Amino acid sequence: MKAAIHIESLSKSYRTPWRRQLVAAVRELNLTVAQGEAFGFVGPNGAGKSTTIRMLTGVLLPTQGSASLFGVGIADPQSRRGIGYVPENPYLNDCLTPLEVLQMSMRLHGVKVVNEYAHCMYWLERLDLAAASKKYLRSLSKGMVQRVALAQAMCIQPRMLILDEPLSGLDPLGRRDVVNLLAEYKREGGTLFFTSHVLHDVERLADRFGLIKGGQLLTISSPAGLAIDEQPFTVRYVGSASINGAHLEAEGRWCAEVSGKSVWAVLEQVREQGGKLLEVKPALNLEKVFLSFIDEAAPVVP
Ligand SMILES: Nc1ncnc2c1ncn2[C@@H]1O[C@H](COP(=O)(O)OP(=O)(O)OP(=O)(O)O)[C@@H](O)[C@H]1O
């Protein structure tokens, strides 16, 4: 089976506006994403995530290297057929309505369904846009336009979704709905390549994630790769006293970092003192791994 994304030594340099100096945004990137895989691309601001996505989607030409989508080189527009793409700041013609945007997308990708109107309305409803389906985009909020962009990517029944910060600009409910929708797309076998700063969502959705900084891929890991035997836990509880070195966060609310070995004993002590357990969660999460990698990575020379 052909890889959904195959990238070999892909590089991109920009010229600065005034002094025309070359700035390397992506350096010798190598990556393969399998069909049906969800891959999260994580990195700090300016790491090269959007540049990579723009090269894959034909918005930018690479300076060097090559890449293919489902075996077709990215220089060939056919590689983008059936690929649902949502850029970081989607630019959609604001003289169109959400329904028209979806219908246009269906035609551009040559997707045929029995009832195009019903199909598009289904996706608008899924993204809570049914009531706005015939309003001009210029009258919609940023978060609503973000959801229109996602609806137009979903309605083409994509073989892969490429999403640049799909959750930015959404309120918590919108975020939850979109995460659920993407999880469903993935369960049904869809391939997902996305960037995000919200590491919790990357953990939830991604089978693997890559950390990029200064245009270089630092590491590729999986949420399972973070599960270590002696996983420390964070325990939060409401109680009368500190247990296991817990510090007071607010009146009566304590927080302790507890080793995997002693977590059960700590929970028992919370019960004994008549306390109320608020939260037990693994302390080693993607956020901490991410930050430690970013801190440790050697500074990158332009
Ligand atoms: N059009 C451009 N011209 C010149 N430099 C650019 C251009 N676009 C991006 N860059 C530079 O390329 C580097 C990578 O930018 P990119 O937008 O790919 O990062 P990113 O990881 O997507 O960041 P963010 O998380 O902030 O969106 C940055 O140093 C940025 O300043």
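- The chain goes by ABC-2 type transport system ATP-binding protein in an unreviewed UniProt entry, where it is assigned to Chitinimonas taiwanensis DSM 18899.

Quick word on the layout of surface pockets
Phase 1 of the analysis: Counted as a void, the largest pocket has a volume near 470 Å³.
Phase 2 of the analysis: Residue lining of the largest pocket: 20 residues in total, with Y85, L92, S105, L108 and Q152 positioned closest to the centre.
Phase 3 of the analysis: At the level of elements, β6 (83-86), α2 (98-108) and α4 (142-154) are the ones that each hand at least two residues to the lining of the largest pocket.

Regarding the sheet that holds strand β3 (residues 38-42)
Phase 1 of the analysis: Taken in spatial order, the 6 strands line up as β6-β7-β8-β3-β9-β10 in an open sheet, and their pairing is mixed. Both edges of this open sheet fall to β6 and β10 (216-221), since each of them pairs with a single strand only. Strand-to-strand twist of the sheet, defined as the mean angle between neighbouring strand axes without regard to direction, takes the value 15°.
Phase 2 of the analysis: Inspection of the sheet shows β3 paired to strand β8 (residues 191-195) by 4 bridges, in the parallel sense. When the sheet's bridge partners are listed, G40 is paired in β8 with F194.
Phase 3 of the analysis: Set on the sheet, helix α1 (residues 49-56) makes contact with β3, β6, β7 (160-164), β8 and β9 (208-213); between it and β7 the angle comes to about 145°.

Some details on the pairing of β9
On a regular strand, each side chain points to the face opposite its neighbour's, so the side chains alternate between the two faces of the sheet.
Phase 1 of the analysis: Here 4 bridges tie β3 to β9, and the two strands are oriented parallel to one another. Across the sheet, G40 pairs through a bridge with F209, a residue of β9.
Phase 2 of the analysis: Sheet topology note: the β9/β10 ladder contains 5 bridges and is antiparallel. The partner of F209 across the bridge, within β10, is S221.
Phase 3 of the analysis: Between β9 and β10, which pair antiparallel in sequence order, lie 2 residues; one of them, G214, sits at a positive phi of approximately 55°.

Some points on the packing of α2 against α4
Phase 1 of the analysis: Where α2 meets α4, the axes come as close as 9 Å, and the angle between the chain directions of the two elements is 30°. As far as their axial angle goes, α4 and α2 are roughly parallel. The way α2 lies across α4 gives a crossing that is right-handed. Between α2 and α4, the residues in contact are P98, V101, L102 and S105 and V148, A151 and Q152, respectively.

Considering the side chain of S68
Phase 1 of the analysis: Along the chain, S68 falls in strand β4 (residues 64-69).
Phase 2 of the analysis: Accessibility expressed as a relative area gives 15% for S68, which makes it buried.

Things to note about the state of the cysteines
Disulfides are covalent bonds that connect the sulfur atoms of two cysteines.
Phase 1 of the analysis: The full count for this structure, using the stated rule, is 0 disulfides.
Phase 2 of the analysis: With no disulfide of its own, C120 has C155 as its nearest cysteine by sulfur position, at a separation of 5.0 Å.
Phase 3 of the analysis: The class for C120 is buried, based on a relative accessible area of 0%.

Some points on the environment of A183
Phase 1 of the analysis: Relative to the assigned elements, A183 resides in helix α5 (residues 172-187).
Phase 2 of the analysis: A sequence separation of 11 residues divides A183 from F194, and the C-alpha atoms of the two residues are 12 Å apart.

With respect to empty space enclosed by the protein
Phase 1 of the analysis: Under the defined criterion, the tally for this structure stands at 1 cavity of 30 Å³ or more.
Phase 2 of the analysis: Here the largest cavity defines a volume of roughly 30 Å³.
Phase 3 of the analysis: V86, Q146, R147, L150, P166, L170 and V178 are the residues that line the largest cavity.
Phase 4 of the analysis: In terms of residue count, α4 provides more of the lining of the largest cavity than any other element does, 3 residues in total.
Phase 5 of the analysis: Broken down by class, the residue content of the lining of the largest cavity amounts to 5 nonpolar, 1 polar and 1 charged.

A short note on the side chain of K12
Phase 1 of the analysis: Looking at the secondary structure, you find K12 in strand β1 (residues 5-15).
Phase 2 of the analysis: Among the polar contacts listed, one links the side chain of K12 to the backbone oxygen of L61, at a separation of 2.8 Å.
Phase 3 of the analysis: Not counting residues up to four positions away in its chain, the partners in contact with K12 are V23, A24, A25, V26, T51, M55, L60, L61, P62 and T63.

A word on the nonpolar core
Phase 1 of the analysis: The biggest cluster of nonpolar side chains holds 46 residues, and the ones touching the most others in it are L102, L150, L161, L163, L182 and L192.
Phase 2 of the analysis: Sorting elements by how many residues they give to this core places α4 first, with 7 residues.
Phase 3 of the analysis: Core analysis: the next-biggest nonpolar cluster, separate from the first, contains 24 residues, V26, L69, I74 and I162 among them.

As for the pattern of salt bridges
Phase 1 of the analysis: One pass over the full model with this rule turns up 9 salt bridges.
Phase 2 of the analysis: In this structure, R236 engages E249 in a salt bridge whose closest nitrogen and oxygen atoms are separated by 2.9 Å. With R236 in strand β11 (residues 233-238) and E249 in strand β12 (residues 247-250), the pair connects residues that are 13 residues apart, well separated along the chain.
Phase 3 of the analysis: Judged by relative accessible area, E249 falls into the partly exposed class, the value being 29%.
Phase 4 of the analysis: Put simply, E249 and R253 hold a salt bridge, and the shortest N to O gap is 3.0 Å.
Phase 5 of the analysis: Given the relative accessible area of 33%, R253 is considered partly exposed.
Phase 6 of the analysis: Salt bridges sharing common partners tie together R236, E249, R253 and E279.

The rules behind these values
- Sequence positions are assigned chain by chain, starting from 1 and proceeding in written order.
- Where totals are concerned, whole chains, interfaces and linings use all residues; where local detail is concerned, this predicted model gives features only for residues with pLDDT of at least 70, and gives and counts side-chain atom pairs only at 80 or more.
- Water and hydrogen atoms were dropped before computing side-chain values, which therefore reflect all heavy atoms in the structure.
- Here a cavity means grid points, on a 1 Å grid over the protein atoms only, where a 1.4 Å probe fits yet cannot get out; a pocket means an open set of points with protein on both sides within 12 Å along at least five of seven lines; lining residues are those with an atom within 4 Å of a point.
- Grid points are joined across faces, edges and corners, and a volume is the space filled by probe spheres set on the points.
- The numbering of helices and of strands both runs from the N terminus, where a helix is a DSSP run of H or I of at least 4 residues and a strand a run of E of at least 2.
- A pair of strands is labelled paired if DSSP reports no fewer than 2 bridges between them.
- Here the axes come from fitting lines to C-alpha atoms, over the contacting stretch only for helices, and the angles between their N-to-C directions go from 0 to 180 degrees.
- Only heavy atoms enter the contact rule, under which two residues are in contact if any of them lie within 4.5 Å.
- Roughly parallel covers angles under 35 degrees, roughly antiparallel covers those over 145, roughly perpendicular covers 65 to 115, and oblique covers all other angles.
- Whether a crossing is left-handed or right-handed is set by the direction in which the near helix is turned from the far one by less than a right angle, anticlockwise for left-handed and clockwise for right-handed.
- Accessible area is worked out with a 1.4 Å probe on protein chains only. A residue is then buried under 20% of its type maximum, exposed over 50%, and partly exposed in between.
- We call a pair of cysteine sulfur atoms a disulfide whenever their separation is within 2.5 Å.
- Amino acid classes used here: Ala, Val, Leu, Ile, Met, Phe, Trp, Tyr, Cys and Pro are nonpolar; Asp, Glu, Lys and Arg are charged; the rest, including Gly, are polar.
- Any pair of N or O atoms that falls within 3.5 Å is considered a polar contact. Within protein, one atom must be able to donate a hydrogen and the other to accept it, and sequence-neighbouring residues count only if both atoms are side-chain atoms.
- Throughout this description, the term nonpolar core refers to a set of buried Ala, Val, Leu, Ile, Met, Phe, Trp, Tyr and Cys residues connected via side-chain atoms within 4.5 Å.
- In the sections that follow, a salt bridge refers to a side-chain nitrogen of Lys or Arg positioned within 4 Å of a carboxyl oxygen of Asp or Glu.

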